[in-house]
Amino acid sequence: MACTAIVGINWGDEGKGRMVDLLTEAFDIVVRFQGGANAGHTLINQYGKFDLHLLPSGVCRPGVVNILGNGVALDPETLIREIEAQRGISITPDNLMISERASLLLPWHHQLDVLEEARTSKHADGSTKQGIAPFYSDKNQKKTILAGELFYPERLKKHLKELCAWKNLTLEKVYGAEPVSEKELNTWLNEYCERIKPFIRDTRSYLIKAESDHKRILFEAQLGALRDLDFGIYPYTTSVSTLASYAPIGAGVPGVEIDRVIGVTKSYSTCVGNGPFVCEYTGKDADAWLEMCHESNEGGRPVRIGPIDLVATKYGVEVQAATELAMTKLDVLSSLDEIPLCVGYKLNGEIITEMPFPAALEKCEPVYETMKGWKCNICGIRNWWELPEEAKAFVNRVEQTVGQVIRWISVGPERHSIIRRG
Ligand code: GDP
Ligand code: MG
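I will try to describe carefully the structure that is included in this document. Quick caveat, the model's predicted, so the values are computed rather than measured.

## So, the environment of Arg-420
On the secondary structure map, Arg-420 appears in strand β20 (residues 418–420). Each C-alpha atom, one on Arg-420 and one on Leu-218, is 19 Å from the other, the two residues being 202 residues apart in sequence. Non-local contacts of Arg-420, meaning those with residues more than four positions away in its chain, are made with Leu-22, Leu-23, Glu-25, Arg-382, Arg-407 and Trp-408. A distance of 3.2 Å separates polar atoms of two side chains, one belonging to Arg-420 and the other to Glu-25.

## Concerning the packing of aromatic side chains
Throughout the structure, instances matching the rule amount to seven aromatic pairs. An aromatic cluster of three or more residues is present, and its members are Tyr-268, Tyr-281, Trp-289 and Tyr-368. Just above the ring of Trp-166 sits the side chain of Lys-143; from NZ or CZ to the centre is 4.8 Å. Between Arg-421 and the ring centre of Trp-384, over which it is positioned, the NZ or CZ distance is 3.8 Å.

## Focus on the coordination of the magnesium ion (ligand 2)
Asp-13 (OD) and Gly-40 (O) make up the full set of protein donors to the magnesium ion (ligand 2), lying at 1.9 to 2.1 Å. Here Asp-13, found in the loop between β1 (3–8) and α1 (16–23), pairs with Gly-40, found in the loop between β2 (29–32) and β3 (41–45); they are 27 residues apart in sequence, far enough to count as distant. You can call Asp-13 partly exposed: its relative accessible area is 31%. With relative accessibility at 16%, the residue Gly-40 sits in the buried group.

## Digging into the site of ligand 1
Around ligand 1, the structure places 16 residues, and the nearest of them are Lys-16, Gly-17, Gly-40, Thr-42 and Ser-410. Backbone polar atom of Lys-16 to an oxygen atom of ligand 1: 2.8 Å apart, as the coordinates give it. Within the contact set of ligand 1, an oxygen atom lies 2.4 Å away from a side-chain nitrogen or oxygen of Ser-410. Protein burial of ligand 1: of its 590 Å² of free accessible surface, 89% is covered by the chains. Of all the secondary structure elements, the ones that give two or more residues to the shell around ligand 1 are α1 and β3. Per-element accounting of the shell around ligand 1 gives the leading share, three residues, to α1.

Scoring rules and cut-offs
Residues numbered from 1 in each chain as written. Chains lettered and ligands numbered in written order. Predicted model: local features only at pLDDT ≥ 70, side-chain atom pairs only at ≥ 80, totals over all residues. Heavy atoms only, no water. Helix = DSSP H or I, 4+ residues; strand = E, 2+ residues; numbered from the N terminus. Contact = heavy atoms within 4.5 Å. Polar contact = N/O pair within 3.5 Å; in protein donor to acceptor, adjacent residues only side chain to side chain. Phe/Tyr/Trp six-rings, centres within 6.5 Å; stacked < 30°, edge-to-face > 60°. Lys NZ or Arg CZ within 6 Å of the ring centre and 35° of its normal. Donors = N, O, S within 2.8 Å, 3.2 Å for Na, K, Ca; no water. Buried < 20%, exposed > 50% of the residue type's maximum accessible area, 1.4 Å probe, protein only. Near = heavy atom within 4 Å. Areas by Shrake-Rupley, 256 points an atom, 1.4 Å probe, with all protein chains shown as cover.

In structure tokens form, the structure reads like this:
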């Protein structure tokens, strides 16, 4: 398991964070390789409950080094607030490192996200308003600042001034908004950027050496396969790759080989944000399932829900090139007489089981089947053979349909509420 990636198979919130927290017991380093503070990874362990946004999910493991790679959207303000908010664990330059090549999410990125979302209102794509889309657009236009530039104050000042003048044109002339002032920028630099400096270093060299010293490295993703910029439900995607194959680049070790890709999927489907979501329940069905699955608004945005979607899950397994799977939240289905599964999509009168092109997805209708439920509490089970036959049959059916082994099954949100198979 020297180099392993943990990635999302569906639309996000599959339980990646809890799997990273659990499996980090066998790793030396955890690297977040993409995304920003729009993540919400929940961990529950002996130190308490943690709702992490930008910090990698290995922070609760003493001795593990956590790295924010060059592929992340590094928001200094959110990071400092998140570090300060931690209770029960301490975050220091010994257990957190930031790549000097990570680009900084700048003060105007949040503002631009909010302005663009307001402009498109009805047709908005459901942004988290964390500045992610403006950030990655600017990164690709080479109009951001690298974290390492904080150590070159003269150059930084000039670069930031140029970028600010350029961005103020958009703020004022496109959106009719207030420009960002030099004073605001200085406050941002002094209050937040100065405080992330102790964590910044050349993490690429660190990782190359770690790899040659046979250290075990875990790559942590944010969001899921269906939010991938290239292979997701475009344009309702995020603005960067969420795939395991991007991990070596986003983490800072482009040539490294990933031995294992652990795809995380749930026993049902959720989707936060807009876009086609074929298996979706509506009305009373949705309300009942939201309650049953303990789903509440995510970052102020409503959670959409439906049964497990085998078409989307098989696709997610393919694009992630998952070598094995973890299925989370099996416990929440325990009260059902029958477990529904979305086994296909009806498109133009035909039933398909392969993921279609995003535009066709909007025309698809779900084809559901059901399996017998197990109707008993499984939260305390830690052994595959002790699971009720109906629960095993459900897991086996998913495994066979998506074509990959389910090696972990979680039956509660706590770190050790897990069944390991073989
Ligand atoms: P991530 O974004 O993929 O890391 O997932 P989130 O942490 O956003 O969402 C998963 C949610 O499900 C969190 O609230 C977890 O505490 C919870 N959770 C994870 N695994 C289980 C499980 O096996 N059973 C139950 N009941 N809750 C779980
Ligand atoms: Mg989440």
